[in-house]
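Each chain, written out:
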There are 2 protein chains.
Amino acid sequence: MREVFQTELKEVQTRLIEIAKDSTRVMELASAAFLTSDVTLADQALASADAINEKALSLDESVIRILARQSPVSRDLRILVSALRISASLERMGALAGHIAQIARFRYPGSAVPSVLADTFKEMGELDIRLGNKVVKLLENTDLDLAKEIQAADGRVDELHRKVFDVVLGDDWKENAMFTVDVTLASRYHERFADHVVDISAKVSYLTTGTWNETE
Amino acid sequence: MREVFQTELKEVQTRLIEIAKDSTRVMELASAAFLTSDVTLADQALASADAINEKALSLDESVIRILARQSPVSRDLRILVSALRISASLERMGALAGHIAQIARFRYPGSAVPSVLADTFKEMGELDIRLGNKVVKLLENTDLDLAKEIQAADGRVDELHRKVFDVVLGDDWKENAMFTVDVTLASRYHERFADHVVDISAKVSYLTTGTWNETE
């Protein structure tokens, strides 16, 4: 029974890693679509985000079946409860990246990013992709130093999020309301993507150390 | 043992209802603060949102302890897993309402809502509050008709959310970028609040009917 359970836990981990890779891939596609107004990439991002939703639902059902069959306690129970939460965060990350792709789609053939903010959004996208890849590594080997790196990268995303508002609310901003709406939402989606990565890393730290690593 | 378990489930339900009432109260305070630029109400909303976060964490820990002690299966297990998800949604609702209060705070003593959108945001706030009250009722007695009413009200929130963009992107919109940013984010927060209510109602339907009531 114990051996079956370990195999099942391993399977849950494998599926979480797969979903984490998928969500990161959606952000790669969405960020490229958003920066280059590429509607084909945007459509690929949206299709992948939908597929993540299905995978996360199916994983959650598996976790509930394992809970029912194995009645785990202590650490094993916490791993499974955390798996449900991590799957919810990964699904949201895919959805948020999908929203970024959606903005690129709406504005096509025009651009959603005014040139003054192109570098900022390029860096935000790169940071989110790097954060997504760190989640994959974190789920693979629960490396706590990685959790600290994640918090640092999230801090930089927050800085860039504030920078977007500084630019938009500055005297030099002459773009129309459509650009203002697009960059406001796109910046928010990038920032929330990073927040979910921080939440996931807090959950993994919790499993390793037994205490919630409260993050801002 | 069974009797203890039923008492514990009842306690979880009571605490979820309390958090649902708190989240609705935060939206009441935040909506009023946002519409009337009342910084005292905004501060109350922000303090209450923080308190919800603590309550939700503490409830989650209780649910995990019950899972460990009672090893529930089938419906009882699903109730507890759903409680974790519902608590996460309620916590987000409190946070989103808090973000609306934050916008009012930032713009004080100015207004965050241009007059052309005052009625729209008033209706959005009222709908969110009504939706929050419906969640309280839903958690109290798992009434499925209420779940349908919730979906209808959410549809209206989505309409208003689109209306905000129609106004902002229309030719008559002459407000500065600050208003554009504020109403874009405030509209998004109102809409996400309603989305979480729909998610919760889908989870409650699932407990009652055994099938996920997929909602758009």
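Residues numbered from 1 in each chain as written. Chains lettered and ligands numbered in written order. Predicted model: local features only at pLDDT ≥ 70, side-chain atom pairs only at ≥ 80, totals over all residues.

Next up on the list: the overall build of chain A. Check the secondary structure of chain A and you find six helices and zero strands. Starting at the N terminus and ending at the C terminus, chain A contains elements arranged as α-α-α-α-α-α. Computed over the C-alpha atoms, the radius of gyration of chain A is 19 Å, within 12% of the 17 Å expected from 2.2 N^0.38 for a compact globule of 216 residues. In terms of its C-alpha atoms, chain A occupies a principal-axis envelope of roughly 65 × 30 × 20 Å. The buried share among the 216 residues of chain A stands at 45%. (Helix = DSSP H or I, 4+ residues; strand = E, 2+ residues; numbered from the N terminus. Rg over C-alpha atoms; globule rule 2.2 N^0.38 Å. Buried ≥ 20, exposed ≤ 12 C-beta atoms within 10 Å, placed from the backbone.)

A few words on the interface of chain B and chain A. Counting residues at the interface gives 22 residues for chain B, matched by 22 residues for chain A. Counting residues per element, the ones that place at least two in the side of chain B that touches chain A are α2 (39–70), α3 (74–107), α5 (144–168) and α6 (177–209) of chain B. Broken down by element, the residue count for the side of chain B that touches chain A peaks at seven residues, all from α6 of chain B. Considered class by class, the residues forming the side of chain B that touches chain A number 16 nonpolar, four polar and two charged. (Contact = placed C-beta atoms within 7 Å. Nonpolar A, V, L, I, M, F, W, Y, C, P; charged D, E, K, R; others polar.)

Another aspect to go through is α2 of chain B. The terminal C-alpha atoms of α2 of chain B lie 46 Å apart, and with 32 residues this matches the ideal 46 Å at 1.5 Å per residue to within 8%. Those residues of α2 of chain B that fall on the buried side of the exposure criterion are Leu 41, Ala 42, Ala 45, Leu 46, Ser 48, Ala 49, Ile 52, Ala 56, Leu 59, Val 63, Ile 66 and Leu 67 of chain B. (Expected span 1.5 Å × (residues − 1).)

The next subject is the packing of helix α2 (residues 39–70) of chain A against α3 of chain B. Helix packing geometry: the angle between the two helix axes and the distance between the axes. Packing of α2 of chain A against α3 of chain B leaves a shortest axis separation of 10 Å and a crossing angle of 130°. Relative to α3 of chain B, the element α2 of chain A is oriented oblique. Judged by the twist between their axes, the crossing of α2 of chain A over α3 of chain B is right-handed. On α3 of chain B, the residues touching Ile 64, Leu 67 and Ala 68 of chain A of α2 of chain A are Ser 74, Leu 77, Arg 78 and Val 81 of chain B. When the residues that make up the contact of α2 of chain A with α3 of chain B are grouped by side-chain class, the tally is five nonpolar, one polar and one charged. (Axes fitted to C-alpha atoms, helices over the stretch in contact; angles between N-to-C directions. Parallel < 35°, antiparallel > 145°, perpendicular 65-115°, else oblique. Left-handed = near helix turned anticlockwise from the far one by under 90°.)

For the rest of this paragraph, the subject is the nonpolar core. Formed by 125 residues in total, the largest nonpolar core has its most connected members in Phe 34, Ala 45, Ala 97 and Ala 101 of chain A together with Ala 45 and Ala 97 of chain B. In this structure Ala 97 of chain B touches Ser 23, Val 26, Met 27, Ala 30, Ala 45, Ala 49 and Phe 193 of chain B, once residues within four positions along its chain are discounted. (Core = buried A, V, L, I, M, F, W, Y, C linked by C-beta atoms within 7 Å.)

Moving on, we come to the environment of Leu 29 of chain A. All names here are of chain A. With respect to the secondary-structure elements, Leu 29 resides in helix α1 (residues 2–36). Between the alpha carbons of Leu 29 and Ser 205 there is a distance of 29 Å; along the sequence they are 176 residues apart. Discounting chain neighbours no more than four positions away, the residues touching Leu 29 are Leu 41, Gln 44, Ala 45, Ser 48 and Ala 101.

Each copy of the sequence occupies a distinct position, and chain B is placed on chain A by a rotation of 180° and an axial shift of 0.0 Å, giving an RMSD of 0.0 Å. Taken together, the rotation and translation relating the two chain copies correspond to the operation of a two-fold axis. In terms of C-alpha distance to the rotation axis, chain B has Ser 71 of chain B as its closest residue, with the C-alpha 2.5 Å off the axis. Here 100% of the contact residues of chain B are again contact residues in chain A; the copies associate through an equivalent surface. (Least-squares fit on C-alpha atoms with pLDDT ≥ 70 in both.)

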